[in-house]
Every structure is written in structure tokens, then in C-alpha cells.
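Residue strings, one per chain:
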Amino acid sequence: MTDTPRPRPRRRDTPPPRTGHSEAEVLRGFLDYLRTSVAAKVEGAPDPEARTAGVPSGTNLLGLLHHLTFVERATFLGDRVTDWPSTFHAAPEDGVAEVVARYRETVAEANAVLDACGDLGAPLPRPRPRPDKPSPSVRWALAHLIEETGRHAGHADILRELIDGSTGR
């Protein structure tokens, strides 16, 4: 008698967003789509597996979302990050729910900043300006966050599947 493989949990894939026609609507639509996808990959993941390195580089699911929180805060809110490698490691007392909630709160703060932006070519207004580092354009910030979030969402897809077989967006 052969063992029958267990069915793996699958999420239904969510297609890319249908956005408005303006450049800002397209960029924001894709960024929000990726933000939702990466948070969903981490949400509900078992701990300690979510913080356990899935590859030799040490990358782990919880650390990816923790890092993306810092990227959002540095880009849209003007926070200073002096040790980027440390952002890939959540604190031992932070569980999956806390890291996901913190990411979503940061996204809401970043979206509030973006809501006030009418010109994609203008410098990004930041609640905490950094005199030593001029603000990038709103367009650059959105493109950068789409790239960064998309790259790490792909990493999260693989890590989550390694943890419990969960696939899909």
C-alpha cells in the first residue's frame, strides 16, 4: 500500500489589480496589491517556523515583513535606518500577529502621506524630513516600493511553501 500525499493548503490566486487609468492609480494599485500579498503570506504562519531561516542566507518569513516595514517607514515617513541587515530579524518577543499588524499600520501611515501627493514628479513629503537626505520624487518612491515589495513577496512565496505547503496569493 502506498502513502497518498496529503493535499497542500492552497489559496486562490488573486489576479493583478484593475486600476484606474492614471499613472498614480496604476502605481498605487500595484503597490497595494503587493503589500496585501506579502502580508497574507506571513499572516497565520506558524511560529517558530516563520522566524526560522529557510535558506542558507538566513532569510526567514517573519524577517522579510519586518524588513519591509522599515523600508516603508524610511521611504515614505523619513525614518532613519542605520543598520539595514538587522531589519531582517524580528525581535524574539514579536510574534507573527504583531509583525503583520505593525506592517499594516505602517502601510496605512504611508498611504496617508501618499494621499496628499498630487504630483508624481514632486518631492515626496515626509512627516519626519531628513535634512541630510533629500526626498525622492513620489514616482521614484512608488516604483522603488513596488520593486522591493515584489521581490520580497516572491521570497515569501517560497518560504511559506517550505514551511507548510501553502501556495497562492
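Residues numbered from 1 in each chain as written. Predicted model: local features only at pLDDT ≥ 70, side-chain atom pairs only at ≥ 80, totals over all residues. Heavy atoms only, no water.

Undergrad: Go over the pattern of salt bridges, please, and point to the residues and values.
TA: Inspection of the entire model under this criterion finds 14 salt bridges. A salt bridge links Glu72 to Arg35; the nearest nitrogen and oxygen atoms lie 2.8 Å apart. Placement of Glu72 in helix H2 (residues 61-77) and of Arg35 in helix H1 (residues 23-42) is noted, with a sequence separation of 37 residues between them. By relative accessible area, which is 0% here, Glu72 ends up buried. (Salt bridge = Lys/Arg side-chain N within 4 Å of Asp/Glu carboxyl O. Helix = DSSP H or I, 4+ residues; strand = E, 2+ residues; numbered from the N terminus. Buried < 20%, exposed > 50% of the residue type's maximum accessible area, 1.4 Å probe, protein only.)

Undergrad: Which residues make up the environment of Gly118, and what are the values?
TA: Of note, Gly118 is situated in the loop between helix H3 (96-115) and helix H4 (138-164). Classification of Gly118 by relative accessible area gives exposed; the value is 83%.

Undergrad: Tell me about the packing of H1 against H2, and name the residues and values.
TA: Relative orientation of the contacting elements H1 and H2 amounts to 150 degrees, with a least axis distance of 9 Å. Considering their axes alone, H1 and H2 lie roughly antiparallel with respect to each other. You can see that H1 and H2 cross each other, and the crossing is left-handed. Together, Leu31, Arg35, Val38, Ala39, Lys41 and Val42 of H1 and Leu61, Leu62, Leu65, Leu68, Glu72 and Phe76 of H2 make up the contact between the two elements. When grouped by side-chain class, the residues that make up the contact of H1 with H2 number 9 nonpolar, no polar and 3 charged. (Axes fitted to C-alpha atoms, helices over the stretch in contact; angles between N-to-C directions. Parallel < 35°, antiparallel > 145°, perpendicular 65-115°, else oblique. Left-handed = near helix turned anticlockwise from the far one by under 90°. Contact = heavy atoms within 4.5 Å. Nonpolar A, V, L, I, M, F, W, Y, C, P; charged D, E, K, R; others polar.)

Undergrad: Before we move on, could you go through the environment of Val100 and cite the residues and values that matter?
TA: Take Val100: it is sitting in helix H3. Discounting residues that sit within four places of it in the chain, Val100 has contacts with Ala39, Val42, Glu43 and Leu65.

Undergrad: Tell me about the side chain of Thr106, and please be specific about residues and values.
TA: With respect to the helices and strands, Thr106 occurs in helix H3. If we skip the residues at most four places from it in the chain, Thr106 touches Thr69, Glu72 and Arg73.

Undergrad: Account for unusual backbone geometry, naming residues and giving values.
TA: In this structure, the amide linkage connecting Asp47 to the following residue, Pro48, adopts the cis form with an omega of 20 degrees. Positionally, Pro48 belongs in the loop between H1 and H2.

Undergrad: A description of the side chain of Thr149 should follow, citing residues and the corresponding values.
TA: Within the element layout of this structure, Thr149 appears in helix H4. If we ignore the near neighbours within four places in the chain, the residues touching Thr149 are Leu31, Leu34, Arg35, Val38, Leu68 and Tyr103.

Undergrad: So what's going on with the packing of aromatic side chains? Which residues, and what values?
TA: Under the counting rule described, the total for this entry stands at 1 aromatic pair. Taken together, a centroid distance of 6.4 Å and an interplanar angle of 80 degrees make the contact between Phe30 and Tyr33 edge-to-face. On the criterion of helical spacing, the pair formed by Phe30 and Tyr33 is a turn pair, its members being 3 residues apart in helix H1. Given a relative accessible area of 32%, Phe30 falls into the partly exposed group. (Phe/Tyr/Trp six-rings, centres within 6.5 Å; stacked < 30°, edge-to-face > 60°.)

Undergrad: Hey, could you go over H2 for me, with residue numbers and the actual values?
TA: Relative to the 24 Å expected for 17 residues at 1.5 Å per residue, H2 spans 24 Å between its end C-alpha atoms, a close match to the ideal helical length. For H2, the buried fraction is high: 16 of the 17 residues fall into the buried class. If you check the start of H2, you find a side-chain oxygen 3.3 Å away from the backbone N of Leu62, and it comes from Asn60. Positive backbone phi, approximately 80 degrees, marks Gly78, located one or two places after H2. (Expected span 1.5 Å × (residues − 1). Polar contact = N/O pair within 3.5 Å; in protein donor to acceptor, adjacent residues only side chain to side chain.)

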